[in-house]
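So the chains spell out like this:
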Amino acid sequence: MILIKNGRVIDPKTGFDQVADVLIQDKKIIRIAKDLEEEDAEIIDASNLIVAPGLIDIHVHFREPGQTHKETIHTGALSAARGGFTTVVMMANTKPILSSPEVLAETLKLANEEKIHIKSVASITKDFDGQHLTDFDTLLVAGAVGFSDDGIPLSDSGVLHEALKKAKKTDSLLSIHEEDPNLVDTLGINEGEVAHQCGLTGATKVAEYSMIARDAMLALDTQARLHIQHLSAGESVDVVRFAQKMGAKVSAEVTPQHFSLTEQAVLEMGTNAKLNPPLRQTKDIAKILEGLKDNTISVIATDHAPHTHEEKNVALAKAPSGMIGLETSLQLGLTHLVAPGHLELIQLLEKMTVNPAKLYGFDAGYLAEGGPADITIFDAKNTYKVDENFDSKASNSPFIGQELLGQVKYTLCSGEIVYHS
């Protein structure tokens, strides 16, 4: 038994928000009430701390199989637990790509050895070829929770239309990377003033929002569920909102980096701020904030993308895009969304717990008697300086050296303490 005492217990699913105790036994929450006592329980004193559902990240890259010099499923799990995450969804761009039931099953076997819940999508097309659809039925049986060719846009509208029809038939979620390659020169940097200062032509915003518009209409036609990954442009928010009002089953996520930084970060932090999609402009962040407030954007996800120091320590145009994000995600939400008053704390937690759980139908993201004992306990007011001592194998973060709000104190998964600061 574990008894969490005197914390501010917040459940975004029901709106519960009060100081209470939480009693845990056999992987479940058995009581939520004031002044609980249990002689045999291990006590966690959560006074002045937030007790919330374990965070859920539906967009991570753990690089295994094939790229374990960047990250492994084990180091990714450690990084997630330190960030307060108890459930994550891995992407399929491993080596080999998760296109077959055999490779997927072997990967999930490794994932199941970890102390947090690690799920995975499979690829939409075979080996990301953009043309030949994978066997959705057999991959779902093998354990896939959805499908994504993340990192590679589906340029062929006919292929995506067929994929959406298959997704509708199997009641599965397609998550897609929206970026028309014909409208992009250098990936990872916004087309504009900063790119030009660096002597580059970058990635246009229209490359993103034009594909979202096309694909949202295909989703409307099929009535399949389509999830827009790591939206970055202000116009993209408007397009998603429009499609939702038309009746398309379209959802969207944003990463913490895309509401926290602008393209100027590339000049200050170099390749660690080279991301795909790229960091945009202040006016884009303003639209993203509107989308978060009105729930056009229902999910915050990290796109945790580890790379080695050697891979990032090259010229901007040659460096891979991406950054690690699991260990700074909650803090960036507290710093850039809650502290300035853009979102209430319970709204931030909703986008990091119950909303992503709903997309995939996970029994997670809430606190209730009889529910799973997946919990994060954090100090929402403490400030700390981000350093390079991550539990991730990588340290490619543009936030190193920044002061952020918030610190995870405990992460519990299935009733077990999996992280303690």
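Because the structure is a prediction, the values reported are computed rather than measured. (Residues numbered from 1 in each chain as written. Predicted model: local features only at pLDDT ≥ 70, side-chain atom pairs only at ≥ 80, totals over all residues. Heavy atoms only, no water.)

Of the consecutive residues Glu 64 and Pro 65, the connecting peptide bond is found in the cis state with omega at 10°. Its place among the elements puts Pro 65 in the loop between strand E6 (55-60) and helix H1 (73-82). For the bond from Lys 95 to Pro 96, the omega torsion is 5°, close enough to zero to count as cis. Looking at the secondary structure, you find Pro 96 in the loop between strand E7 (85-90) and helix H2 (101-111). One non-glycine residue, Asn 48, lies in the positive phi region at around 65°. Mapped onto the elements, Asn 48 comes out in the loop between strand E4 (42-45) and strand E5 (50-53). (Helix = DSSP H or I, 4+ residues; strand = E, 2+ residues; numbered from the N terminus.)

In terms of burial, strand E12 (residues 250-254) is largely enclosed, as five of its five residues are buried. Burial of the side chains of E12 extends over both faces: Val 250, Ala 252 and Val 254 are buried on one face and Ser 251 and Glu 253 on the other. Pairing of strand E11 (residues 226-228) with E12 involves three bridges; the strand directions are parallel. By the bridge assignment for E12, His 227 is matched with Ser 251. Traced from E11 through helix H7 (residues 234-246) to E12, the parallel crossover comes out right-handed. The sheet contact formed by E12 and strand E13 (residues 299-300) spans two bridges and is parallel. (Buried < 20%, exposed > 50% of the residue type's maximum accessible area, 1.4 Å probe, protein only. Pairing = 2+ DSSP bridges. Right-handed = clockwise from strand over helix to strand, strands pointing away.)

Following the UniProt record, one finds the feature "binding site: Zn(2+) 2" (unreviewed entry) at Asp 150, His 177 and His 230. Look at the named residues: they lie 81 residues apart in sequence, but the longest C-alpha span between them is just 10.0 Å, so in the fold they bunch up. One can find Asp 150 in the loop between strand E9 (147-148) and helix H4 (157-170). For Asp 150, a relative accessible area of 4% translates into the label buried. Discounting chain neighbours no more than four positions away, the residues touching Asp 150 are His 59, His 61, Met 91, Asn 93, Phe 128, His 177, Gln 229, His 230 and Asp 303. There is a polar contact of 2.8 Å between the side chain of Asp 150 and the side chain of His 59. By secondary structure assignment, the location of His 177 is in the loop between strand E10 (174-176) and helix H5 (193-197). (UniProt positions renumbered as here; feature names shortened; annotations may be inferred. Contact = heavy atoms within 4.5 Å. Polar contact = N/O pair within 3.5 Å; in protein donor to acceptor, adjacent residues only side chain to side chain.)

Another aspect to go through is a nonpolar patch on the surface. Taken together, the side chains of Met 217, Phe 242 and Met 246 present a nonpolar region at the surface, about 290 Å² in accessible area. With respect to the secondary-structure elements, Phe 242 resides in helix H7. Judged by relative accessible area, which is 52%, Phe 242 ranks as exposed. (Patch = residues over 30% accessible without salt bridge, like charges linked within 9 Å, V, L, I, M, F, W, Y side chains within 5 Å. Areas by Shrake-Rupley, 256 points an atom, 1.4 Å probe, with all protein chains shown as cover. Salt bridge = Lys/Arg side-chain N within 4 Å of Asp/Glu carboxyl O.)

This part takes up the packing of helix H6 (residues 206-222) against H7. To describe two helices that pack against each other, one gives the angle between their axes and the distance between the axes. The geometry of H6 relative to H7 is characterised by a closest axis approach of 9 Å and an angle of 10° between their N-to-C directions. In terms of orientation, H6 lies roughly parallel with respect to H7. Here H6 contributes Glu 208, Tyr 209, Ile 212, Ala 213, Ala 216, Met 217 and Leu 220 to the contact with H7, which in turn contributes Glu 235, Ser 236, Val 239, Val 240, Ala 243 and Met 246. Looking at side-chain class alone, the contact of H6 with H7 contains 10 nonpolar, one polar and two charged residues. (Axes fitted to C-alpha atoms, helices over the stretch in contact; angles between N-to-C directions. Parallel < 35°, antiparallel > 145°, perpendicular 65-115°, else oblique. Nonpolar A, V, L, I, M, F, W, Y, C, P; charged D, E, K, R; others polar.)

With that settled, consider the sheet that holds E10. Strands sit in the order E9-E10-E11-E12-E13 across an open sheet of five strands; the sheet is parallel. Taken across any chain shown, the strands that pair with only one partner, and hence form the sheet edges, are E9 and E13. Two elements, E10 and E11, share three bridges in a ladder whose sense is parallel. Across the sheet, the residue bridging to Ile 176 is Ile 228, located in E11. The strands that H6 touches are E10, E11 and E12; relative to E11, the one it contacts most, it runs at about 160°.

Right, let's talk about the UniProt feature "binding site: Zn(2+) 1" (unreviewed entry) in the chain for a bit. Per the UniProt record, "binding site: Zn(2+) 1" (unreviewed entry) is found at His 59, His 61, Asp 150 and Asp 303. Annotated residues spanning 245 residues; largest pairwise C-alpha distance 9.9 Å, indicating a single compact cluster. For His 61, the location among the structural elements is in the loop between E6 and H1. Relative accessible area serves as the criterion here: at 5%, His 61 is assigned to the buried category. Among the polar contacts listed, one links the side chain of His 61 to the side chain of Asp 150, at a separation of 3.1 Å.

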